[in-house]
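Okay, here's what each chain looks like letter by letter:
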Amino acid sequence: MTMKKKRVLAAAITVFSLLAQSAGAEISKISYDDQNGEWRILGSFPNAGKRKAALEILKPGKTVNDPDAYAYAAEIPVNAYGAFDANFHFNGESGEYLFRLGAGGEVCQRGGDF
């Protein structure tokens with residue numbers, strides 16, 4: 001993903017967070033399989049059925065305002081019921097990453113160790 005796309009994605013997440021209302025959006029589980037290097041993230045956006053959620057993973061100790069903050073960014077599908085379950089790979093240093101998702105005007109986030 002180009003730096004421009006990452007910045008647009010970060011701006012979209014920021015806008016989502018300003019518009020967010022508490023409607024039960026959540027990341028219910030983040031897991032890492034060290035045998036195949038695959039991450040899995042599960043959760044729900046009840047008001048965002050059949051949309052894409054913007055996923056961004058911030059490096060340990062970084063904030064969205066840091067120019068080199070992102071370890072990974074992508075879109076993941078949200079099903080008709082607002083649930084998401086995505087697998088993905090990214091390489092990074094050890095530490096606690098911040099997982100942020102935005103969809104349907106909501107943002108949720110949760111930390112995860114790598």
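Going along each chain's sequence as written, the residues are numbered from 1 onward. Reporting in this predicted model follows two pLDDT cut-offs: at least 70 for local features of residues, and 80 or more for side-chain atom pairs to be given and counted; totals over whole chains, interfaces and linings ignore these cut-offs and use all residues. Note that water and hydrogens are dropped before the side-chain values are worked out from all heavy atoms of the structure.

**So, the packing of aromatic side chains**
- Centre distance within 6.5 Å is the pairing criterion for rings of Phe, Tyr and Trp, where only the six-membered ring of Trp is used; planes under 30 degrees apart are then read as stacked, over 60 as edge-to-face, and the remainder as tilted. For the coordinates displayed, the defined rule picks out eight aromatic pairs.
- When the ring of Trp39 is compared with that of Phe90, the centres are 5.6 Å apart and the planes differ by 15 degrees; the resulting orientation is stacked. Note that Trp39 is positioned in strand β2 (residues 38-44) and Phe90 in the loop between β5 (83-88) and β6 (96-103), a separation of 51 residues in sequence.
- Residue Trp39 is classed as buried on the basis of its relative accessible area, which comes to 1%.
- A ring pair is formed by Phe88 and Phe90, whose centres lie 6.4 Å apart and whose planes are at 15 degrees; its orientation type is stacked. Think of it this way: any DSSP run of H or I at least four residues long counts as a helix, any run of E at least two long counts as a strand, and we number them from the N terminus. Each residue gets one of three labels from its accessible area relative to the maximum for its type: buried under 20%, exposed over 50%, partly exposed in between, using a 1.4 Å probe on protein chains only.

**A look at the side chain of Arg100**
- Mapping Arg100 onto the fold places it in strand β6.
- Polar contacts, as counted here, are pairs of nitrogen or oxygen atoms within 3.5 Å of one another; within protein the pair requires one atom able to donate a hydrogen and one able to accept it, and residues that are adjacent in sequence qualify only if both atoms are side-chain atoms. Engagement of the side chain of Arg100 in a polar contact is seen with the side chain of Glu56, the distance being 2.7 Å.
- Reaching out from Arg100, the side chain makes a polar contact with the side chain of Gln109 at a distance of 2.9 Å.

**Describing the pattern of salt bridges**
- Salt bridge, as used here: a side-chain nitrogen of Lys or Arg that lies within 4 Å of a carboxyl oxygen of Asp or Glu. For the structure on display, the rule yields three salt bridges.
- A salt bridge links Glu56 to Arg100, with the nearest nitrogen and oxygen atoms 2.7 Å apart. Of the two residues, Glu56 sits in strand β3 (residues 52-58) while Arg100 sits in strand β6, which places them 44 residues apart along the sequence. You'll find Glu56 and Arg100 in the same group, each marked buried.

**What about the nonpolar core?**
- Throughout, nonpolar core names a set of buried Ala, Val, Leu, Ile, Met, Phe, Trp, Tyr and Cys residues whose side chains join them through atoms within 4.5 Å. Grouped together as the largest cluster of nonpolar side chains are 20 residues, with contacts concentrated most on Ile41, Phe99 and Leu101.
- Elements with a minimum of two residues in this core: β1 (26-33), β2, β3, β5 and β6.
- When residues of this core are assigned to their parent elements, the largest contribution, four residues, is made by β6.
- Any two residues whose heavy atoms approach within 4.5 Å are treated as being in contact. With sequence-adjacent residues up to four places away left out, Ile41 is seen in contact with Ile27, Lys29, Ile30, Leu55, Ile76, Phe84, Asp85, Ala86, Phe88, Phe99 and Leu101.

Geometric values such as these leave the question of function open.
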